[in-house]
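Take a look at the letters that make up each chain.
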Amino acid sequence: MKEISLHILDLVQNSIRAEATRIGVYISEDTLKDTLSVTIEDNGCGMTPEVAHTVQNPFVTSRTTRRVGLGVPLFAAGCEHCDGSFNLNSEQGKGTTLTGSYRHSHIDRPPLGDIADTMLILIGGNPAIRFCYRHSVNAQEYELDTGQVQQLLGEVPLDSPEVIAFLQDFLKNNESELYGGIEQ
Ligand SMILES: Nc1ncnc2c1ncn2[C@@H]1O[C@H](COP(=O)(O)OP(=O)(O)O)[C@@H](O)[C@H]1O
Ligand SMILES: [Mg+2]
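Everything in this summary refers to the structure shown in the same document. (Residues numbered from 1 in each chain as written. Chains lettered and ligands numbered in written order. Predicted model: local features only at pLDDT ≥ 70, side-chain atom pairs only at ≥ 80, totals over all residues.)

1. Brief notes about the packing of helix 1 (residues 4-17) against helix 4 (residues 115-125)
Okay, step 1: Where helix 1 meets helix 4, the axes come as close as 9 Å, and the angle between the chain directions of the two elements is 15 degrees. By the angle between their axes, helix 1 is roughly parallel relative to helix 4. When the axes of helix 1 and helix 4 are compared, the crossing they make is right-handed. For the pair helix 1 and helix 4, the contacting residues are Ser5, Ile8, Leu9 and Val12 in the first and Ile115, Thr118 and Leu122 in the second.
Okay, step 2: Along the lines of polarity and charge, the residues of the contact of helix 1 with helix 4 split into 5 nonpolar, 2 polar and no charged. (Axes fitted to C-alpha atoms, helices over the stretch in contact; angles between N-to-C directions. Helix = DSSP H or I, 4+ residues; strand = E, 2+ residues; numbered from the N terminus. Parallel < 35°, antiparallel > 145°, perpendicular 65-115°, else oblique. Left-handed = near helix turned anticlockwise from the far one by under 90°. Contact = placed C-beta atoms within 7 Å. Nonpolar A, V, L, I, M, F, W, Y, C, P; charged D, E, K, R; others polar.)

What follows is the structure, encoded as structure tokens:
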């Protein structure tokens, strides 16, 4: 993938397919430690140990009965290639947490991409799912919890045009503030 936000878009689809009702997307950038990490956490159906093993070892499986996807392995390989690491924790009936990190300054690290638009697409397209998003850059951070927004809205749907416009402004402004107002 050319951008980390495209990986996020793809990985969150797995959580949606796993029927998660709450999905956490956490991005943490630390320029002193020189790391960028992404965590996606869901309360979906989780993976069987076999699937969990396969997604972490996609090229050594002898399985031929079902196709093996490459979304997770591609993300993991990208992180490892950039001096980072990948970790998967999944429990059937409980959910899945997946964390990938990159060396921030690695020449091959993909740019984050348009994470504000990515989150907006995910939220607007899945208004029944509670998204908890947090992005930190060194000491600066902000978060958006659509569960809290929905509570404030009462009967107004999260995917109504006014709310989407508001969320778009909120995300764009906060993202740009994280980088000191400099467009990435
Ligand atoms: N968040 C998740 N919750 C439950 N199962 C998951 C999750 N993410 C991945 N999986 C399982 O791992 C498999 C491989 O995922 P992935 O590499 O993204 O490929 P694909 O989505 O094309 O199947 C999925 O088909 C699914 O069975
Ligand atoms: Mg997938």
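2. Concerning the packing of helix 4 against helix 6 (residues 161-178)
For any two helices packed against each other, the geometry comes down to the angle between their axes and how far apart the axes lie.
Okay, step 1: Packing of helix 4 against helix 6 brings their axes to within 9 Å, and their N-to-C directions diverge by 150 degrees. Classed by the angle they form, the pair helix 4 and helix 6 counts as roughly antiparallel. Classified by chirality, the crossing of helix 6 by helix 4 is right-handed. For the pair helix 4 and helix 6, contact is made by Ile115, Ala116, Met119, Leu120, Ile123 and Gly124 and by Ile164, Leu167, Gln168, Leu171, Lys172 and Glu175, respectively.
Okay, step 2: The class makeup of the residues in the contact of helix 4 with helix 6 is 8 nonpolar, 2 polar and 2 charged.

None of the figures reported here should be taken as evidence of function without further support.
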